[in-house]
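Structural features, examined
Residue-level listing of the chains:
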Amino acid sequence: MKVLVSGGAGFVGLNIVEALLARGDTAVVLGDSALPSEARRAFEQLPGTLAFERADVADGLAVQAVLERQQPDAVVHAAAITSGETREFSEFDRVVDVNLKGVFHGLRAAIPVMRAQGGGTIIIVSSGAARAALEGWSSYCAGKAGALMLTQAAHLEEGAHGIRVLGLSPGTVATEMQVKIKASGVNPVSQLDPSVHIPADWPARALLWMCGPEADQWLGKDVTL
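Our subject in this report is the structure included herewith. This is a predicted model, so every value here is computed, not measured.

One pass over the full model with this rule turns up 8 salt bridges. Taking the shortest distance from any N to any O, the salt bridge between Asp32 and Arg94 comes out at 3.9 Å. Of this pair, Asp32 sits in the loop between β2 (26-31) and α2 (37-43) while Arg94 sits in helix α4 (residues 89-117), placing them 62 residues apart in sequence. Where Arg69 meets Glu53, a salt bridge forms, and the shortest distance between an N and an O atom there is 2.8 Å.

Next up, the structure:
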């Protein structure tokens, strides 16, 4: 299986890519920054095939070009950014460009490819912030809520064409992002004890399962860890 992972150079994304390569899949990393050299060296020891495509998910034409070139069987949209309270146009725009419009760009590019192939899987990494507002994260919550609606709408529109669309809400994951959130002191998430964050390999294992028919009961919905 060939799986394209947007945001694959992030900590959670790297775990997804590692899990794909470990089972012999082809992983295509879509990101606006290169893979860390130590991760690339480790990945080269695994049986799967690794490819890297540099593009910003906020650039719809660039994303379309990558999808048309790679023709993946599945797309995992894990690209996302957080921000402090965004009261400047530029800050709010950037969060929405990545977390909401980036999802739309991925769907718009993937659906024609998958229709031509007779089907495929699109998984959008969501968040509890899609359903519950958090102080200081208005742009992040709004973007994730919109992405959840895109997941549901795409399922309704494309399920009949053999395209599986579903989401994953992983909860708080033990990554460098949580260190920064804790240091910010903003909202209840920053007050969580580090011991409650789930290991980054949990979302990766869930995503592998979601690529198969065993997860069909979750189509159009979020799997919540």
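Having seen the model, we can carry on.
By size, the foremost hydrophobic cluster in this structure holds 27 residues, and its most contacted members are Val76 and Met210. Elements supplying a minimum of two residues to this core: β1 (2-6), α1 (11-22), β2, α2, β4 (74-77), β5 (120-125), β6 (163-169) and α7 (201-210). Here this core takes 6 residues from α1, the largest share from any one element. Among all residues touching Val76, those that are not within four sequence positions of it are Val3, Leu4, Val5, Ser6, Ile16, Ile123, Val125 and Leu207. In this structure, Leu67, Val98, Ala110 and Val113 belong to the second largest nonpolar core, which totals 24 residues.

Bringing the sheet that holds β4 into the picture now. Taken in spatial order, the 7 strands of this open sheet run β3-β2-β1-β4-β5-β6-β7, and their pairing is parallel. Both edges of this open sheet fall to β3 (49-54) and β7 (222-224), since each of them pairs with a single strand only. Sheet twist, expressed as the average angle between the axes of neighbouring strands with direction ignored, equals 20 degrees. The pairing of β6 with β7 spans 3 bridges and is parallel. Of the residues in β7, the one forming a bridge with Ser169 is Thr224. Against the sheet, α4 contacts β4, β5 and β6, and its axis sits at roughly 175 degrees relative to β5. Its contacts with the sheet place helix α5 (residues 138-158) against β5, β6 and β7, and it is angled at close to 155 degrees to β6.

The rules behind the values
- Residues numbered from 1 in each chain as written.
- Predicted model: local features only at pLDDT ≥ 70, side-chain atom pairs only at ≥ 80, totals over all residues.
- Heavy atoms only, no water.
- Salt bridge = Lys/Arg side-chain N within 4 Å of Asp/Glu carboxyl O.
- Helix = DSSP H or I, 4+ residues; strand = E, 2+ residues; numbered from the N terminus.
- Core = buried A, V, L, I, M, F, W, Y, C linked by side-chain atoms within 4.5 Å.
- Buried < 20%, exposed > 50% of the residue type's maximum accessible area, 1.4 Å probe, protein only.
- Contact = heavy atoms within 4.5 Å.
- Pairing = 2+ DSSP bridges.
- Axes fitted to C-alpha atoms, helices over the stretch in contact; angles between N-to-C directions.

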